[in-house]
2 protein chains.
Amino acid sequence: MVGRRAYARLHSDERREQLVARATELFATHGYEELSMSRIAREAGISKALLYHYFPSKRDYFIATLAGGAEELRRRVEPDPGLPPAEALGASVEAYLAWIDENADAYQKLFPSAAAVPEVRELVEGVRSATADRILEGIGATENPRARTAVQGWLWFMDGACLDWIAHRDLERSELHGLLLGTLAGALVAAGVTLGA
Amino acid sequence: MVGRRAYARLHSDERREQLVARATELFATHGYEELSMSRIAREAGISKALLYHYFPSKRDYFIATLAGGAEELRRRVEPDPGLPPAEALGASVEAYLAWIDENADAYQKLFPSAAAVPEVRELVEGVRSATADRILEGIGATENPRARTAVQGWLWFMDGACLDWIAHRDLERSELHGLLLGTLAGALVAAGVTLGA
């Protein structure tokens, strides 16, 4: 029975969605530390009371924003199970770079602030762990501590290299792609992992 | 003229030093977000008024703590100018790992919180930039954007790999050392940098 209540909920969900979509731009422009709930309400053209109805605090608003971004990113970099592991990884890294390219401002400004909020740190660490597990499975090295450390380190390498890329924009995306995959291969060799063909 | 004033200042500086030394343990135990100035004062056995005399806010106290740690780390990893670049780098990485080994708890707990404070982020980024410049000079690649991105990414790799190492402790320090240097070599090869002998 889709009655008035369901319609109202949908309407409310949509408003919430819009606020989350707007948040990325707001936080990216003003930075997490500087942006106040008053300002968010003003810029979104709604009352503070209504804003607080959707998000009990700035922290909750920020978490909802980052969770939305992380979920979209996770979906886009999902490896294609029909491809061999190495090709699937290459495609995932390309999808990651495309996402960063499109969201460069938000990534550059929100990623460092993200660590300020423990729940968001856990979100980022969760994405890293899941990605690491998938790569380790792909190369058949789930029980190898050196491989695990290499892959974890490499996921940090990705973020460091991407932040450097966005800050300078003096590399082609394809060059960065090659650098990332080549570094993973180098890290795995250094970890003593023998890769199949 | 070393009079009463100089003595009082020294005494005050020493007290401040002691508070900074104690802070690492306090922040590492309770976490930046949870620790209050009241608690710091209580645990340090001084009045809140005196604590505020030395540090206007928790943020200032935290910055002073991290700045102290960063300075000590910087001094210890300072490369030996008498060694060839590759050996000097190996020794610096070893000094870095030794420091992390000694300060594992603080590193593990403070490093993520550190990003919460913009001034501390700048400190970490400053250390990374200076280290990257030194490595790029050592390999004669200061003007090479791919090499710069590779080295910046690698410095992130170090932190990711070290955090993984501390969390699991299932690698020998020498294995991690080899993994780090091998990954840098792999990243530079992937960046198209030709290394000399």
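What you see is a predicted model, and the numbers here were worked out from it, not measured in a lab.

1. Regarding the environment of B:Glu119
Residues and elements named next belong to chain B.
1) Next: Mapping glutamate 119 onto the fold places it in helix α7 (residues 118-138).
2) Next: The partly exposed category is assigned to glutamate 119, whose relative accessible area is 38%.
3) Next: Residues within four places of glutamate 119 in sequence aside, it is in contact with Arg59 and Ile63.

2. Some words on the pattern of salt bridges
1) Next: Throughout the structure, instances matching the rule amount to 30 salt bridges over all chains.
2) Next: Residues B:Arg76 and B:Glu102 are paired through a salt bridge, measuring 3.0 Å at the closest nitrogen-oxygen approach. Note that B:Arg76 is positioned in helix α4 (residues 58-77) and B:Glu102 in helix α5 (residues 85-102), a separation of 26 residues in sequence.
3) Next: One salt bridge connects B:Arg169 with B:Asp101, and the closest N-O pair in it is separated by 2.8 Å. Taken as a pair, B:Arg169 in the loop between α8 (145-168) and α9 (173-190) and B:Asp101 in helix α5 lie far apart in primary sequence, 68 residues in all.
4) Next: For B:Arg169, a relative accessible area of 40% gives the class partly exposed.
5) Next: Its relative accessible area of 27% is what places B:Asp101 among the partly exposed residues.
6) Next: One salt-bridge network, in which partners are shared between bridges, spans A:Arg22, A:Glu25, A:Arg39 and A:Glu43.

3. A word on the nonpolar core
Most often, soluble globular proteins have nonpolar side chains that are buried together.
1) Next: Ranked by size, the top nonpolar core spans 75 residues in total, and within it A:Trp154 and B:Trp154 carry the most contacts.
2) Next: Among all residues touching A:Trp154, those that are not within four sequence positions of it are A:Val93, A:Ile135, A:Leu180, A:Thr183, A:Leu184 and B:Phe157.
3) Next: Membership of the second largest hydrophobic core comes to 26 residues, among which are A:Ile40, A:Phe62, A:Leu110 and B:Ala116.

4. Regarding the interface of chain B and chain A
1) Next: Across the contact, 36 residues belong to chain B and 36 residues belong to chain A.
2) Next: Carbon and sulfur atoms make up 67% of the area that chain B and chain A hide from each other, which totals about 2800 Å².
3) Next: For the pair chain B and chain A, the number of links is six salt bridges.
4) Next: A salt bridge links A:Asp164 to B:Arg148, with the nearest nitrogen and oxygen atoms 2.9 Å apart.
5) Next: Of all elements in the fold, only α6 (104-114), α7, α8 and α9 of chain B reach the threshold of two or more residues within the side of chain B that touches chain A.
6) Next: For the side of chain B that touches chain A, the per-class residue count stands at 18 nonpolar, 10 polar and eight charged.

5. Thoughts on the confidence of the model for chain A
1) Next: In this model, chain A carries a mean pLDDT of 87, and residues with pLDDT of at least 70 account for 93%.
2) Next: Interface predicted TM-score (ipTM) for the complex: 0.85; the corresponding pTM is 0.86.

6. Quick look at the environment of B:Ala67
All names here are of chain B.
1) Next: In this fold, alanine 67 is placed in helix α4.
2) Next: Here alanine 67 falls in the partly exposed class, since its relative accessible area comes to 29%.
3) Next: Counting along the chain gives 47 residues from alanine 67 to valine 20, while the straight-line C-alpha distance between them is 9.7 Å.

7. Observations concerning the relation of the copies chain B and chain A
Both copies of the chain are related by a screw-like operation: a rotation about an axis and a shift along it.
1) Next: For the pair chain B and chain A, the relating rotation is 180°, the translation along its axis is 0.0 Å, and the fit reaches an RMSD of 0.0 Å. Both copies of the chain, as the preceding transformation shows, are related through a two-fold rotation axis.
2) Next: The residues that chain B uses at the interface reappear at the interface of chain A in 100% of cases, marking a shared surface.

8. Some details on the packing of aromatic side chains
1) Next: One pass over the structure, following the stated rule, counts nine aromatic pairs over all chains.
2) Next: Measuring from ring centre to ring centre gives 6.4 Å for A:Trp156 and B:Trp156, while their planes differ by 50°; the resulting arrangement is tilted. With A:Trp156 in helix α8 (residues 145-168) and B:Trp156 in helix α8, the pair connects residues from two separate chains. A single burial state applies to A:Trp156 and to B:Trp156, both of which are buried.
3) Next: Ring centres 5.7 Å apart and planes at 45° place the aromatic pair B:Phe27 and B:Tyr61 in the tilted group. In this pair, B:Phe27 is assigned in helix α1 (residues 4-30) and B:Tyr61 in helix α4, connecting sequence segments 34 residues apart. Take B:Phe27 and B:Tyr61: they sit in the same class, and that class is buried.

Cut-offs applied
What you see as residue numbers is a count from 1 along each chain, following the sequence as written. Chains carry letters and ligands carry numbers; both start at the beginning, A for chains and 1 for ligands, and go up in the order they are written. Totals for whole chains, interfaces and linings use every residue, but because this is a predicted model, local features are given only for residues with pLDDT of at least 70 and side-chain atom pairs only at 80 or more, for both listing and counting. With hydrogens and water set aside, each side-chain value is computed from the structure's full complement of heavy atoms. In this text, helices come from DSSP runs of H or I with a minimum length of four residues, and strands from runs of E with a minimum of two, each type numbered from the N-terminal end. Each residue gets one of three labels from its accessible area relative to the maximum for its type: buried under 20%, exposed over 50%, partly exposed in between, using a 1.4 Å probe on protein chains only. In what follows, a contact means two residues having at least one pair of non-hydrogen atoms within 4.5 Å. What counts as a salt bridge is simple: a side-chain nitrogen of Lys or Arg found within 4 Å of a carboxyl oxygen of Asp or Glu. Throughout, nonpolar core names a set of buried Ala, Val, Leu, Ile, Met, Phe, Trp, Tyr and Cys residues whose side chains join them through atoms within 4.5 Å. Two parts placed together each lose some accessible area; with a 1.4 Å probe, that loss summed over both constitutes the buried area. The residue classification treats Ala, Val, Leu, Ile, Met, Phe, Trp, Tyr, Cys and Pro as nonpolar and Asp, Glu, Lys and Arg as charged. All others, Gly included, are polar. What pLDDT reports is the predictor's confidence in each residue, on a scale of 0 through 100. Fitting of the copies onto one another was done by least squares over C-alpha atoms, counting residues only where both copies have pLDDT of at least 70. Between rings of Phe, Tyr and Trp, where Trp is taken as its six-membered ring, a pair exists when centres lie within 6.5 Å; planes separated by under 30 degrees are stacked, by over 60 edge-to-face, and by other angles tilted.

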